Amino acid sequence: AQRVTQPEKLLSVFKGAPVELKCNYSYSGSPELFWYVQYSRQRLQLLLRHISRESIKGFTADLNKGETSFHLKKPFAQEEDSAMYYCALRLGYSGAGSYQLTFGKGTKLSVIP
Amino acid sequence: DAGVTQSPTHLIKTRGQQVTLRCSPKSGHDTVSWYQQALGQGPQFIFQYYEEEERQRGNFPDRFSGHQYPNYSSELNVNALLLGDSALYLCASSSQYEQYFGPGTRLTVT
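No experiment lies behind these values; they were computed from the predicted model shown.

Asks: Could you clarify how one ought to interpret the overall build of chain B in this entry?
Replies: Assigned secondary structure in chain B consists of zero helices and 11 strands. Along the chain direction, N to C, the helices and strands of chain B fall in the order β-β-β-β-β-β-β-β-β-β-β. Here the C-alpha radius of gyration of chain B, 13 Å, is about what a compact globule of 110 residues would show, namely 13 Å. Counting only C-alpha atoms and orienting by the principal axes, one finds that chain B spans roughly 40 × 25 × 25 Å. Buried positions account for 50% of the 110 residues belonging to chain B. For chain B, the proportion of contacts with a sequence separation of at least 24, taken over those separated by at least 6, is 51%. Just so you have it, chain B exposes about 5200 Å², and 47% of that area is on carbon and sulfur atoms.

Asks: So what exactly am I meant to see when it comes to the sheet that holds strand E8 (residues 74-78) of chain B here?
Replies: Think of a sheet as strands paired side by side through backbone hydrogen bonds, with each pair either parallel or antiparallel. Residue and element names in this part refer to chain B. Pairing within the open sheet is antiparallel, and its four strands lie in the order E1-E3-E8-E7. Looking at the sheet topology across the chains shown, the edges are occupied by strand E1 (5-7) and strand E7 (64-68). Neighbour-to-neighbour, the strand axes of the sheet open up by a mean angle of 20°, direction not taken into account. Pairing geometry for strand E3 (residues 19-24) and E8, over five bridges, is antiparallel.

Asks: Just checking my understanding: could you explain the nonpolar core for this structure?
Replies: One broad rule of soluble globular proteins: the nonpolar side chains tend to lie buried together. If you look at the biggest cluster of nonpolar residues, it comprises 25 residues, and the most contacted ones within it are Trp-35, Leu-47, Leu-48, Phe-70, Leu-72 and Tyr-85 of chain A. In terms of residue count, strand E9 (residues 83-90) of chain A provides more of this core than any other element does, four residues in total. Residues within four places of Tyr-85 of chain A in sequence aside, it is in contact with Gln-6, Leu-21, Trp-35, Tyr-36, Val-37, Leu-47, Phe-59, Leu-72, Gly-106, Thr-107 and Leu-109 of chain A. Leu-11, Ala-87, Tyr-89 and Cys-91 of chain B belong to the second largest nonpolar core, which has 20 residues in total.

Asks: How should I be thinking about the sheet that holds strand E8 (residues 72-74) of chain A in this particular structure?
Replies: Residue and element names in this part refer to chain A. Taking strand neighbours across the sheet as the criterion, the three strands line up as E3-E8-E7 in an open arrangement whose pairing is antiparallel. Of all strands in the sheet, those with a lone pairing partner are strand E3 (19-21) and strand E7 (60-61), marking the two edges. In this sheet, E8 lies alongside E7 in antiparallel orientation, the contact comprising two bridges. From the neighbouring strand, Thr-60 faces E8, where its bridge partner is Lys-73.

Asks: Can you help me understand the packing of aromatic side chains in this one?
Replies: In this description, an aromatic ring pair is defined by two values, namely the gap between the centres and the angle between the planes. Scanning the entire structure with this criterion turns up 11 aromatic pairs over all chains. Between Phe-34 of chain A and Tyr-36 of chain A, the ring centres sit 6.2 Å apart and the planes meet at 40°, which makes this aromatic pair tilted. Comparing Phe-34 of chain A with Tyr-36 of chain A, the two get one shared label, buried. A ring pair is formed by Phe-103 of chain A and Tyr-35 of chain B, whose centres lie 5.7 Å apart and whose planes are at 85°; its orientation type is edge-to-face. Of this pair, Phe-103 of chain A sits in strand E10 (residues 101-103) while Tyr-35 of chain B sits in strand E4 (residues 31-37), each in a different chain. Like Tyr-35 of chain B, Phe-103 of chain A is buried. These aromatic residues form a ring-pair network of at least three members: Phe-34, Tyr-36, Tyr-86 and Phe-103 of chain A together with Tyr-35, Phe-45 and Phe-101 of chain B. Against the face of Tyr-100 of chain B rests Lys-26 of chain B, its NZ or CZ located 5.0 Å from the ring centre.

Basis of the calculations
Residues numbered from 1 in each chain as written. Chains lettered and ligands numbered in written order. Predicted model: local features only at pLDDT ≥ 70, side-chain atom pairs only at ≥ 80, totals over all residues. Heavy atoms only, no water. Helix = DSSP H or I, 4+ residues; strand = E, 2+ residues; numbered from the N terminus. Rg over C-alpha atoms; globule rule 2.2 N^0.38 Å. Buried < 20%, exposed > 50% of the residue type's maximum accessible area, 1.4 Å probe, protein only. Contact = heavy atoms within 4.5 Å. Areas by Shrake-Rupley, 256 points an atom, 1.4 Å probe, with all protein chains shown as cover. Pairing = 2+ DSSP bridges. Axes fitted to C-alpha atoms, helices over the stretch in contact; angles between N-to-C directions. Core = buried A, V, L, I, M, F, W, Y, C linked by side-chain atoms within 4.5 Å. Phe/Tyr/Trp six-rings, centres within 6.5 Å; stacked < 30°, edge-to-face > 60°. Lys NZ or Arg CZ within 6 Å of the ring centre and 35° of its normal.

Everything listed is a geometric property; what it means functionally is a separate question.
In structure tokens, the structure reads:
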């Protein structure tokens with residue numbers, strides 16, 4: 001069965017320091033991976049997806065199929081990055097709008113001023 | 001466009017009761033998914049509706065059922081509530097290219 005593991009429940013870094021939020025997955029098919037973010041008192045929102053290969057708010061994530069990882073990185077943390085981050089795996093395709101996601105338990109990022 | 005909306009915001013029910021949660025998708029989205037998020041956990045997929053039919057289902061018992069209307073809005077019904085059903089219930093609507101989440105309904109079972 002598919003699984004997403006985020007080993008850190010809480011990650012604290014100083015402002016300006018690099019950030020790496022870890023995500024490992026297990027899935028027998030071809031994965032599609034996402035990072036979602038939830039800021040305080042806001043709804044869950046998409047941060048980035050691996051197929052886009054883009055940088056959002058300075059964050060990047062590279063899919064490493066050999067290590068089955070999709071770590072989220074940012075070179076210089078900002079206070080406004082403090083939030084809950086979830087890694088998610090999209091399962092087998094069953095329609096254009098099919099977004100059955102398996103989420104990790106999340107990592108709370110706290111950026112210290 | 002208000003995006004995905006859910007009602008009610010909060011709900012308190014007693015064990016054994018039944019509850020109905022509602023979701024209106026983002027304009028232009030025809031697929032609705034429901035997730036359960038227990039405290040300290042990531043969202044867990046319950047089921048997905050498309051063209052008024054349940055298309056995919058996660059590992060949830062039959063006590064959890066749903067419906068989708070012709071206007072794409074959706075309901076989540078939970079029968080015979082258990083204490084363990086206390087959670088944040090998230091609705092997400094999607095099109096081919098994107099998925100958006102609603103703010104959730106906080107259900108407390110006492």
